[in-house]
Amino acid sequence: MVLQTDRLFLRPLLPSDADALFLLHCDPLVVRLTTGGQPMSRNQSDELLDLYLREAREFGLTFFAVFEKQPDGDLLFAGRCGLRSFKHDAVEIGYCFSNRASGRGLATESASLIVADAFGRLGCPKLVGLVRPTNHQSQMVLKKLGFTHSGMTSHRDINYLSFERNKAEWPVPSLEQTSRRSS
């Protein structure tokens, strides 16, 4: 499945994305905002990709490679965005964009597509976003998407601000209205 907007092209992550993801996970902005200042090793980055691919097979929860469309028709890798298993009643939304791609609404635009797909096609009852307290950029993205702060939580031995959005509260326009979708 492919998701698109006028500016973005999203396709499911592939094993061949390992190099691009490792570079993303070493980006200074990504390191500062998502890993508490410690860059991922190549092995950690590859394990995360393997986790995303396994959850796609087992649960149908997809993480997408996000590309910014260029005027010449090329696609420039900007980051990743997608869904992971969280708890029995919720799915976690996550996104990560390079410094070059930050500050222009690409995370909000791509996460909006993911939320619409989660509540529409996948029928997820609730989405959760976990953000480090110092990551104000990601907090703003979730707030723009209508998520509400629901407290602090510890997940994978890290303290996060937790944000939630329920399907019942989500106006779900069809993806065809907000973007072009193809299988």
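Computed from a predicted structure; not experimentally measured.

Draft legend 1. Representation of the overall build of the protein in the model. Within the protein, the secondary structure is distributed over six helices and nine strands. Relative to its length of 183 residues, the protein is compact, with a C-alpha radius of gyration of 15 Å against a globular reference of 16 Å. Seen along its three principal axes, the alpha-carbon backbone of the protein occupies a region of about 45 × 40 × 30 Å. Buried positions account for 50% of the 183 residues belonging to the protein. The contacts in the protein between residues at least 6 apart in sequence include a share of 61% that link residues at least 24 apart. Here the protein displays about 9,000 Å² of accessible surface, and carbon together with sulfur accounts for 52% of that area.

Draft legend 2. Local environment of the confidence of the model for the protein. The predicted model of the protein averages 88 in pLDDT, with 92% of residues at 70 or higher. Ignoring residues within four places in sequence, the model shows residues 172-183, a span with pLDDT below 50, making 29 contacts including any to other chains.

Draft legend 3. Main features of the environment of S41. Here S41 shows up in the loop between α2 (28-34) and α3 (42-59). Taking the C-alpha atoms as reference points, S41 and D72, separated by 31 residues in sequence, lie 34 Å from one another.

Draft legend 4. Expanded view of the side chain of S45. Residue position: S45 is located in helix α3. Given a relative accessible area of 1%, S45 falls into the buried group. For S45, the side chain forms a polar contact with the main-chain nitrogen of F22, separated by 3.5 Å. Once residues lying within four places of it in the same chain are set aside, the contact partners of S45 are L21, F22, H25 and M40.

Draft legend 5. Looking closely at the layout of surface pockets. Space inside the largest pocket adds up to approximately 760 Å³. For the largest pocket, the lining is made up of 30 residues, of which T34, M40, R80, R156 and Y160 are closest to its centre. Going through the elements one at a time, α2, α3, β4 (75-87), β5 (90-97), β6 (126-131), α5 (136-144) and β8 (158-166) are the ones with two or more residues in the lining of the largest pocket. When the residues that make up the lining of the largest pocket are grouped by side-chain class, the tally is 15 nonpolar, nine polar and six charged. Within this model, the second largest pocket holds a volume of roughly 320 Å³. In this structure, the second largest pocket is lined by 21 residues; those nearest its centre are S102, G103, A107, Q137 and V141. Among the elements of the structure, α2, β5, α4 (106-119) and α5 are those that each provide at least two residues to the lining of the second largest pocket. No other element matches the five residues that α5 contributes to the lining of the second largest pocket. A per-class count over the lining of the second largest pocket returns 11 nonpolar, eight polar and two charged.

Draft legend 6. Expanded view of the packing of aromatic side chains. Going through the model one piece at a time under the given rule, you end up with three aromatic pairs. Between the aromatic rings of F67 and F77, the centroid separation amounts to 5.8 Å while the plane-to-plane angle is 70 degrees, which identifies the pairing as edge-to-face. With F67 in strand β3 (residues 63-69) and F77 in strand β4, this residue pair connects regions lying 10 residues apart in the sequence. Take F67: its relative accessible area is 12%, and that puts it in the buried class. Under the relative-accessibility criterion, F77 is labelled buried at 19%. Taken together, F9, F67 and F77 form an aromatic cluster joined through their ring pairs.

Thresholds, definitions, all that
- Residues numbered from 1 in each chain as written.
- Predicted model: local features only at pLDDT ≥ 70, side-chain atom pairs only at ≥ 80, totals over all residues.
- Heavy atoms only, no water.
- Helix = DSSP H or I, 4+ residues; strand = E, 2+ residues; numbered from the N terminus.
- Rg over C-alpha atoms; globule rule 2.2 N^0.38 Å.
- Buried < 20%, exposed > 50% of the residue type's maximum accessible area, 1.4 Å probe, protein only.
- Contact = heavy atoms within 4.5 Å.
- Areas by Shrake-Rupley, 256 points an atom, 1.4 Å probe, with all protein chains shown as cover.
- pLDDT = per-residue confidence, 0-100.
- Polar contact = N/O pair within 3.5 Å; in protein donor to acceptor, adjacent residues only side chain to side chain.
- 1 Å grid on protein atoms, 1.4 Å probe; cavity = no way out; pocket = protein on both sides within 12 Å on 5 of 7 lines; lining within 4 Å.
- Points joined across faces, edges and corners; volume = space filled by probe spheres on them.
- Nonpolar A, V, L, I, M, F, W, Y, C, P; charged D, E, K, R; others polar.
- Phe/Tyr/Trp six-rings, centres within 6.5 Å; stacked < 30°, edge-to-face > 60°.

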